[in-house]
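In case you want the letters, here they are:
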Amino acid sequence: MKKVLIIDDDAHNRFLLKLILQKENLSVVEAKTGKEGIEKVLKENPDLILLDVMMPDINGYEVYKKIKDKNIPIIFLTASEDNEEDVDYILKPIDINRLITKIKEKLR
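Rules of the game
Residues numbered from 1 in each chain as written. Predicted model: local features only at pLDDT ≥ 70, side-chain atom pairs only at ≥ 80, totals over all residues. Heavy atoms only, no water. Core = buried A, V, L, I, M, F, W, Y, C linked by side-chain atoms within 4.5 Å. Buried < 20%, exposed > 50% of the residue type's maximum accessible area, 1.4 Å probe, protein only. Helix = DSSP H or I, 4+ residues; strand = E, 2+ residues; numbered from the N terminus. Contact = heavy atoms within 4.5 Å. Salt bridge = Lys/Arg side-chain N within 4 Å of Asp/Glu carboxyl O. Arc of directions from axis to C-beta. Polar contact = N/O pair within 3.5 Å; in protein donor to acceptor, adjacent residues only side chain to side chain.

S.K.: Pulling in residues and values, what's your account of the nonpolar core?
M.R.: Grouped together as the largest cluster of nonpolar side chains are 17 residues, with contacts concentrated most on L5, I7, I49, L51, V63, I67 and F76. Among the elements that take part in this core, helix α3 (residues 60-67) stands out by supplying 3 residues, more than any other. If we ignore the near neighbours within four places in the chain, the residues touching V63 are I7, G34, I38, L51, M55 and I58. Counting residues in hydrophobic clusters, the runner-up holds 15 residues, among them V4, L17, L50 and L107.

Here it is in structure tokens:
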């Protein structure tokens, strides 16, 4: 079973994403801060990361810089349309069908 790490400071977002991913037969690990997310990457070795951009401790781009050498596919979750061009992202509010399609592409 593929494992997805959700790094998002919003408990509601994590809860909904977890429900959706579990329906797709994916194992889910959660982190509520960027720092915790980095620790979970090292401990859990996920197959994919869903990463919120705006978090109170370390933003998603900083988390990305610290873990990019792990070569784990990342999909950024953001409300801003002003994003770095070399990253894959989904705009909030999240289009669930688009998210599932992207996840399946990344996990192939």
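Anyway, onward from the coordinates.
S.K.: Give me the lowdown on the pattern of salt bridges, citing residues and values where you can.
M.R.: A full pass over the atoms with the stated rule returns 10 salt bridges. Measuring nitrogen to oxygen at the nearest pair gives 3.7 Å for the salt bridge that ties K92 to D8. Within this pair, whereas K92 is found in the loop between β5 (89-91) and α4 (96-107), its partner D8 is found in the loop between β1 (3-7) and α1 (11-23), the two being separated by 84 residues in sequence. Judged by relative accessible area, K92 falls into the partly exposed class, the value being 23%. The salt bridge involving K40 is made with E36; its shortest N-O contact spans 3.4 Å. Of this pair, K40 and E36 both sit in helix α2 (residues 34-44), separated by 4 residues, roughly a single helical turn.

S.K.: Let's hear about α2: which residues, and what values?
M.R.: Buried within α2 we find G34, G37, I38, K40 and V41. Summarising the axial view, the buried residues of α2 lie within an arc of 165°, below the 170-degree limit, and thus occupy one face. Across from the buried face of α2, at angles greater than 90 degrees, the exposed residues are K35, L42 and K43. In the core, the buried residues of α2 are packed alongside β1, β2 (27-31), β3 (48-52) and α3.

S.K.: Please give an account of α3 that cites residues and values.
M.R.: Considered for burial, the residues of α3 that qualify are G60, Y61, V63 and I67. Projected down its long axis, α3 shows its buried positions confined to an angular sector of 155°, all on one face. Looking at the buried side of α3, the elements it contacts are β1, α2, β3 and β4 (74-78). Taking the backbone nitrogen of Y61 as reference, a side-chain oxygen 2.8 Å away marks N59 as the first, capping residue of α3.

S.K.: An account of the environment of E24 is requested, with residue identities and associated values reported.
M.R.: Looking at the element boundaries, E24 is found in the loop between α1 and β2. Apart from the residues within four sequence positions on either side, E24 is in contact with I100 and K104.

S.K.: Got a sec to walk through unusual backbone geometry? Specific residues and values, please.
M.R.: Of note, the bond from K92 into P93 is cis; its omega dihedral lies within 30 degrees of zero at 0°. Although it is not a glycine, N25 sits at a positive phi angle of roughly 60°. Tracing the backbone shows N25 in the loop between α1 and β2. Backbone geometry at N45 places phi at a positive 50°, although glycine is not the residue there. Among the secondary structure elements, N45 is positioned in the loop between α2 and β3. By relative accessible area, N45 is classed as exposed at 57%.

Honestly, it's all geometry; don't read function into it.
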